[in-house]
Amino acid sequence: MARTRLTPERESEMYAAVLDLLREVGYDALTMDAVAARTRSSKATLYRQWGSKAELAVKALRHNKPGGLAEIDTGSLRSDFHAALGRADDCQMEKDSALMRGLMHAVHENPDLHQALRELLIEPEMTGLDTLLRRAVDRGELRPDNPALKYVPHMLIGAFAARQLVEDRAVDRAFLIDYVDSVILPALGV
């Protein structure tokens, strides 16, 4: 069945409602019925547009993100990381971190959510990060054989996950910039 195209405004409104519901009730309790009621639309419309709850949830997250990492090219890796971190304010970062923590739990029980998260959110971010790092190698900032290169995504995700656990504090821009400057860049030999 062909998808009827939503206006960008309507799509944004629907994604905002999904994110609000995810924050309120979590992924497991999120239902298409609740999204339909919140957005004054039909369940049939939601399924026609997105196919599944997992796809809708992940596309809502993706829609909420600023442009991809590959678009950032300041001329230095340090500045690229800082520019990437400067795109979200602390309040949004805290909301997104809480949302991701909730989804990480749900991923273990929902293979569809795991697949959608990987395809729609993780893989595009990884591709953008690879582009950013490859440019730094091409500029001569990084050695192409640096063993830490393959662990940059792990380090970044670890920073998001560990701050709440270790310090019981939300991730914010100042923490992430310090983490990049103190951990990631030295590991890469920058």
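Before any of the text, the structure's been laid out above.
Residues numbered from 1 in each chain as written. Predicted model: local features only at pLDDT ≥ 70, side-chain atom pairs only at ≥ 80, totals over all residues. Heavy atoms only, no water.

Asker: Mind showing me how you'd approach the packing of helix α2 (residues 32-39) against helix α3 (residues 43-50) here?
Answerer: The description of two helices packed together rests on the angle between their axes and the distance between the axes. Contact geometry for α2 and α3: axes closest at 9 Å, N-to-C directions at 110 degrees. Judged on the interaxial angle alone, α3 and α2 are roughly perpendicular. Taken together, the residues of α3 that come into contact with α2 (itself represented by Met32, Asp33, Val35 and Ala36) are Lys43, Leu46 and Tyr47. (Axes fitted to C-alpha atoms, helices over the stretch in contact; angles between N-to-C directions. Helix = DSSP H or I, 4+ residues; strand = E, 2+ residues; numbered from the N terminus. Parallel < 35°, antiparallel > 145°, perpendicular 65-115°, else oblique. Contact = heavy atoms within 4.5 Å.)

Asker: Sorry if this is basic, but what is going on with the packing of aromatic side chains here?
Answerer: Geometry of an aromatic ring pair is reported as the spacing of the ring centres plus the angle between the planes. Following the criterion strictly, the structure yields two aromatic pairs and no others. If you follow lysine 53 out to its NZ or CZ, it ends over the ring of tyrosine 27, 4.3 Å from the centre. (Phe/Tyr/Trp six-rings, centres within 6.5 Å; stacked < 30°, edge-to-face > 60°. Lys NZ or Arg CZ within 6 Å of the ring centre and 35° of its normal.)

Asker: Looking at this model, I keep getting lost on helix α5 (residues 77-85). Mind explaining?
Answerer: Given 3.6 residues to a turn, an α-helix orients residues that are three or four positions apart in the same direction. Looking at α5, one finds that the buried residues are Leu77, Asp80, Phe81, Ala84 and Leu85. Relative to the axis of α5, the buried residues are bounded by an arc of 130 degrees and lie together on one face. Those residues of α5 that are buried lie in contact with α6 (90-107), α7 (111-138), α8 (152-167) and α9 (173-187). (Buried < 20%, exposed > 50% of the residue type's maximum accessible area, 1.4 Å probe, protein only. Arc of directions from axis to C-beta.)

Asker: Just to check I follow, could you spell out the pattern of salt bridges for this structure?
Answerer: Where charged atoms from two side chains of opposite charge come close, those side chains can pair. Taken as a whole, this structure holds 17 salt bridges when the rule is applied. Aspartate 33 is the partner of lysine 43 in a salt bridge, and the nearest nitrogen-oxygen pair spans 3.4 Å. Of this pair, lysine 43 sits in helix α3 while aspartate 33 sits in helix α2, and the two are 10 residues apart along the sequence. Judged by relative accessible area, aspartate 33 falls into the partly exposed class, the value being 48%. Among the salt bridges present, the one from arginine 143 reaches aspartate 145, with a minimum N-O distance of 3.0 Å. (Salt bridge = Lys/Arg side-chain N within 4 Å of Asp/Glu carboxyl O.)

Asker: What should I look at first to understand the environment of aspartate 89 in this one?
Answerer: Mapped onto the elements, aspartate 89 comes out in the loop between α5 and α6. The sequence separation of aspartate 89 and arginine 173 amounts to 84 residues, and the corresponding C-alpha distance is 7.2 Å.

Asker: Looking at this structure, I do not really get the nonpolar core. What am I missing?
Answerer: In globular proteins that are soluble, nonpolar side chains generally tend to be buried together. Counting residues in hydrophobic clusters, the biggest one holds 28 residues, and the most contacted among them are Leu22, Tyr27 and Leu113. Listed in part, the 27 residues of the second largest apolar core include Ala88, Ala148, Leu176 and Leu188. (Core = buried A, V, L, I, M, F, W, Y, C linked by side-chain atoms within 4.5 Å.)

Asker: Got a minute to help me understand the packing of α8 against α9 in this structure?
Answerer: The interhelical angle for the contact between α8 and α9, taken along N-to-C directions, is 135 degrees, at an axis separation of 11 Å. As the angle between them shows, α8 and α9 are arranged oblique. The handedness of the crossing between α8 and α9 comes out as right-handed. Within the contact between the two elements, α8 uses Val152, Met155, Leu156, Ala159, Phe160, Arg163 and Glu167 and α9 uses Phe175, Leu176, Tyr179, Val180, Val183, Ile184 and Ala187. A breakdown of the residues in the contact of α8 with α9 according to their chemical character gives 12 nonpolar, no polar and two charged. (Left-handed = near helix turned anticlockwise from the far one by under 90°. Nonpolar A, V, L, I, M, F, W, Y, C, P; charged D, E, K, R; others polar.)

Asker: What should I look at first to understand the side chain of aspartate 172 in this one?
Answerer: Relative to the helices and strands, aspartate 172 resides in the loop between α8 and α9. Only 2.8 Å separates the side chain of aspartate 172 from the backbone nitrogen of phenylalanine 175, close enough to count as a polar contact. Residues in contact with aspartate 172, not counting those within four places in the same chain, are Asp90, Met93 and Arg163. (Polar contact = N/O pair within 3.5 Å; in protein donor to acceptor, adjacent residues only side chain to side chain.)

Asker: How should I be thinking about α6 in this particular structure?
Answerer: Spanning 18 residues, α6 covers 25 Å between terminal C-alpha atoms, matching the ideal 26 Å at 1.5 Å per step. Of the residues making up α6, those classed as buried are Met93, Ser97, Leu99, Leu103, Ala106 and Val107. (Expected span 1.5 Å × (residues − 1).)

Asker: I tried to follow unusual backbone geometry on my own but got confused; where do I start?
Answerer: Leaving glycine aside, a negative phi is the common case for residues, and trans is the common case for peptide bonds. Its identity is not glycine, yet arginine 40 carries a phi of approximately 50 degrees, on the positive side. By secondary structure assignment, the location of arginine 40 is in the loop between α2 and α3.

In short, the description is geometric, and any link to function would need to be established separately.
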